[in-house]
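Now for the letters of each chain:
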Amino acid sequence: MQEMIDRLRSEALAAIHAADGEPALEAVRVAVLGRKGSLTGLLRGLKDLEGDAKRDAGAALNALKDELTAALDARLLAFSGARPVTAHAYDLTLPGRAPAPLGSRHPLLTVLEGICDIFYGMGFSRDDGPEVELDYYNFTALNFPDDHPARDIQDTFYFNEKVLLRTQTSPVQVRMMEQREPPLACIFPGRVYRNENADASHSSEFFQIEGLVVDRAVSMADLKDTVDTFVRNFFGAEAPTRFRPHYFPFTEPSVEVDMQCVACGGSGCGVCKQTGWLEIMGAGMVHPNVFRAAGYPDDRYTGFAFGMGIDRIAMLKYGISDIRLLYENDLRFLNQFRGVQ
Ligand code: DAH
């Protein structure tokens, strides 16, 4: 009898192990433990035994039945991918973990939202454009001549001749004007990319916010007033601003806007490189060629546009000396902005 039990045990375990799926396993279960199964047959045979032999064989067969049932269950669990929950899986006596520390807003986002809020207050709405942009919107529609150096492969990440990573938020101006008729007062914040070597003041990715106002009689004076309102609200000071003539292909006339240095009040310091002024944005009156590209009728509208670097504004506001700190996600840096609004 013992011999038969041993043989049944090794054959059944081998069959359970060899079963390659739930149907095969079920077949093994039926063949061993089913009504006509081999183990069931042996159990039935017990009635022909007597005394010690009956007792010993009964105990051995019942132990084998338990063993095979457990092996079948374990194999079934393995198929379902679940893991058995054992008494050791949880230690209910372990003390709970300390509450997860709260993260903080990234200073760039705080500044971005802060700038947007000021423009919402002046009646601007907000829109977005794609970071993967067409050369057409990034350059051509913005009146960049074909041989303009900014199109140079040095500055722009190109995917192919027609597709690139936008180098500025200005292309959203054209996308917006294609969709909507004036009056328009919009801001377009977002990430831009340039193929530059990183140093304390350059990064190959950074943020800009673009502004566009178009209507029938928008003037340079409106631009100046908008800029002054922004500076007063954002830096919380009556810092004078000034326009310096400049060149951008998509505005005419074009200016660079400076504000009086917030660090020294204009007397000259390290922050403003002793000039007393800080450059904060490029701006100008929308070039007629840009209106034409957007499909606006000639001479009907005028408008102003501006674009500023959010990183630079954040660095000025918080006294950050290296732009790379804004992209490294070093918690020692970021944690300093906990609770900063
Ligand atoms: N897109 C320009 C840049 O990245 C910034 C700029 C200048 C935007 C003048 C404007 C503008 O809208 O009118 O350098």
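Basis of the calculations
- Residues numbered from 1 in each chain as written.
- Predicted model: local features only at pLDDT ≥ 70, side-chain atom pairs only at ≥ 80, totals over all residues.
- Heavy atoms only, no water.
- Core = buried A, V, L, I, M, F, W, Y, C linked by side-chain atoms within 4.5 Å.
- Buried < 20%, exposed > 50% of the residue type's maximum accessible area, 1.4 Å probe, protein only.
- Helix = DSSP H or I, 4+ residues; strand = E, 2+ residues; numbered from the N terminus.
- Contact = heavy atoms within 4.5 Å.
- Domains from an automatic or database assignment.
- Axes fitted to C-alpha atoms, helices over the stretch in contact; angles between N-to-C directions.
- Parallel < 35°, antiparallel > 145°, perpendicular 65-115°, else oblique.
- Nonpolar A, V, L, I, M, F, W, Y, C, P; charged D, E, K, R; others polar.
- Polar contact = N/O pair within 3.5 Å; in protein donor to acceptor, adjacent residues only side chain to side chain.
- Near = heavy atom within 4 Å.
- Areas by Shrake-Rupley, 256 points an atom, 1.4 Å probe, with all protein chains shown as cover.
- Patch = residues over 30% accessible without salt bridge, like charges linked within 9 Å, V, L, I, M, F, W, Y side chains within 5 Å.
- Salt bridge = Lys/Arg side-chain N within 4 Å of Asp/Glu carboxyl O.
- Lys, Arg positive; Asp, Glu negative; His and termini not counted.
- Charge placed at Lys NZ, Arg CZ, Asp CG, Glu CD.

J.: So what exactly am I meant to see when it comes to the nonpolar core here?
T.: The nonpolar side chains of a soluble globular protein tend to be buried with one another. In this structure, I115, F230, F306 and M308 are the most contacted members of the largest nonpolar core, which totals 47 residues. Among the elements that make up this core, the one with the highest residue count is helix α5 (residues 107-121) (seven residues). If we skip the residues at most four places from it in the chain, F306 touches F119, F124, I187, I209, E210, G211, L223, M281, G282 and A283.

J.: I tried to follow the domain arrangement of the protein on my own but got confused; where do I start?
T.: Accessible area lost upon the coming together of the parts serves often as the stated size of an interface. Its domain assignment divides the protein into domain 1 (2-80) and domain 2 (107-337). For domain 1 and domain 2, the distance between their C-alpha centres works out to 78 Å.

J.: How do you make sense of the packing of helix α1 (residues 2-18) against helix α4 (residues 51-80) when you look at a structure like this?
T.: To characterise two packed helices, one gives the angle between the axes of the helices and the distance between these axes. One way to put it is that α1 packs onto α4 with a least axis distance of 10 Å and a crossing angle of 5°. Put simply, α1 runs roughly parallel to α4. From α1, Q2, I5, L8, R9, A12, L13, I16 and H17 reach across to α4, where they touch A57, A60, L61, L64, E67, L68, A71, L72 and R75. Class assignment for the residues of the contact of α1 with α4 results in 12 nonpolar, two polar and three charged.

J.: Help me understand the side chain of D135 in this model?
T.: In this structure, D135 sits in helix α6 (residues 135-138). Reaching out from D135, the side chain makes a polar contact with the side chain of R151 at a distance of 3.3 Å. The residues contacting D135, other than those within four sequence positions of it, are T140, R151, Y158, E161, K162 and L164.

J.: What is the right way to look at the site of the ligand in this model?
T.: Surveying the vicinity of the ligand reveals 15 residues, the closest of which are Q168, S170, R194, Q208 and E210. Within the side chain of Q173, a nitrogen or oxygen atom sits 3.2 Å from an oxygen atom of the ligand. Q208 places a side-chain nitrogen or oxygen 2.9 Å from an oxygen atom of the ligand. The protein chains hide 90% of the 350 Å² of surface that the ligand would expose on its own. At the level of elements, β5 (205-215), β8 (277-286) and β9 (302-309) are the ones that each hand at least two residues to the shell around the ligand.

J.: Got a minute to help me understand a positive patch on the surface in this structure?
T.: Taken together, the side chains of R35, K36, R44 and K47 make up a positively charged region of the molecular surface. Examined against the element boundaries, K47 turns out to sit in the loop between α3 (38-45) and α4. Note on K47: relative accessible area 63%, which makes it exposed.

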